[in-house]
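# Topology and contacts: notes
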Amino acid sequence: MQILMVCLGNICRSPLAEGIMKAKLRSRNLDWKVESRGTGNWHVGQLPDPRSIATAKRHQIDITDQRAQQFSEKDFEDYDLILAMDQSNYSNIIAMAKGIADEEKVKLIMDFDPDKTALEVPDPYWNDDGFEQVFSMLDQACDKVIEAFDKAAC
Ligand code: 4NP
């Protein structure tokens with residue numbers, strides 16, 4: 001199973017999603033590939049936002065090995081599941097799809113959470129207080145993604 005987490009800048013939400021998912025997979029001994037991307041290119045090559053690094057660290061997750069990368073058409077070939085953080089990310093990714101097979105790989109991450117209180121993971125870039133909420137939404141959603149694919153995936 002190969003999963004790509006995608007947000008706008010690849011410095012706040014999707015690096016947290018990547019770090020949370022990798023930690024869960026490690027503890028379950030699941031050998032899935034997980035990376036993250038941004039649809040925008042402003043932060044390419046940069047570390048995650050310091051507030052995402054600090055939030056992950058509070059939960060014993062280190063995301064300082066990550067560097068921002070921009071989503072590209074090739075990612076449709078390399079991943080089975082492309083998880084968008086919000087509707088705008090979803091639309092940006094779908095606009096780059098070459099056909100139905102590409103489109104079917106793209107989902108909103110919150111669609112996996114039946115207990116979801118929101119349809120989208122809110123962008124915390126302009127809100128210092130938003131990072132813990134983002135962490136907790138992603139933490140729950142990642143469990144549901146693993147539940148959905150654990151039996152089917154190899
Ligand atoms: P992210 O947050 O999409 O969760 O990484 C953002 C990061 C940077 C910007 C916007 C959102 N920006 O406008 O630079």
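Residues numbered from 1 in each chain as written. Predicted model: local features only at pLDDT ≥ 70, side-chain atom pairs only at ≥ 80, totals over all residues. Heavy atoms only, no water.

### Topic: the overall build of the protein
The line we're drawing: Helix and strand assignments come from DSSP, with helices taken as H or I runs of at least 4 residues and strands as E runs of at least 2, each series counted from the N terminus. Note that the radius of gyration is over C-alpha atoms, with the globule rule given as 2.2 Å times the number of residues to the power 0.38. Accessibility here uses a 1.4 Å probe with only protein chains present; expressed as a share of the type maximum, an area under 20% marks a residue as buried, one over 50% as exposed, and anything in between as partly exposed. Every residue pair with non-hydrogen atoms within 4.5 Å of one another is taken to be in contact. With residues, only the protein chains shown are counted as cover, and all accessible areas are computed by Shrake-Rupley using a 1.4 Å probe. When charges are counted, neither His nor the chain ends are considered; positive counts come from Lys and Arg and negative counts from Asp and Glu. Lysine's charge is taken at NZ, arginine's at CZ, aspartate's at CG and glutamate's at CD.
Looking only at helices and strands, the protein has six helices and four strands in total. Whereas a compact globule of 154 residues would reach a radius of gyration of roughly 15 Å, the protein reaches 14 Å, a difference of no more than 12%. Counting only C-alpha atoms and orienting by the principal axes, one finds that the protein spans roughly 40 × 35 × 30 Å. Within the span of the protein, comprising 154 residues, buried residues form 47% of the whole. Pairs at least 24 residues apart make up 74% of the contacts formed inside the protein by residues separated by at least 6 positions. Accessible area of the protein: about 7800 Å², with a carbon and sulfur share of 48%. For the protein, the centre of its 18 positive side-chain charges and the centre of its 27 negative side-chain charges are spaced 3 Å apart.

### Here's the deal with the side chain of Gln66
Let me state the cut-off plainly: Pairs of N or O atoms are called polar contacts if they sit within 3.5 Å, as long as, within protein, a hydrogen donor faces a hydrogen acceptor (for residues adjacent in sequence, only side-chain-to-side-chain pairs).
Structurally, the position occupied by Gln66 is in the loop between helix H2 (50–58) and helix H3 (74–78). Among the polar contacts listed, one links the side chain of Gln66 to the backbone oxygen of Pro15, at a separation of 3.1 Å. The contact partners of Gln66, leaving out residues within four places of it in the chain, are Pro15, Glu18, Gly19, Ser36, Gln46, Leu47 and Pro48.

### With respect to the pairing of strand S2 (residues 33–38)
How we decide: When DSSP finds at least two bridges between two strands, those strands are taken to pair. Crossover handedness is defined here as right-handed if the route from the first strand over the helix to the second strand goes clockwise, with the strands pointing away from the viewer.
Across six bridges, strand S1 (residues 2–7) lies against S2 in parallel orientation. Its bridge partner being in S2, Leu4 is matched across the sheet by Glu35. Viewed along the sheet, the connection from S1 through helix H1 (residues 13–27) into S2 turns out right-handed.

By themselves, these figures tell us nothing about what the structure is for.
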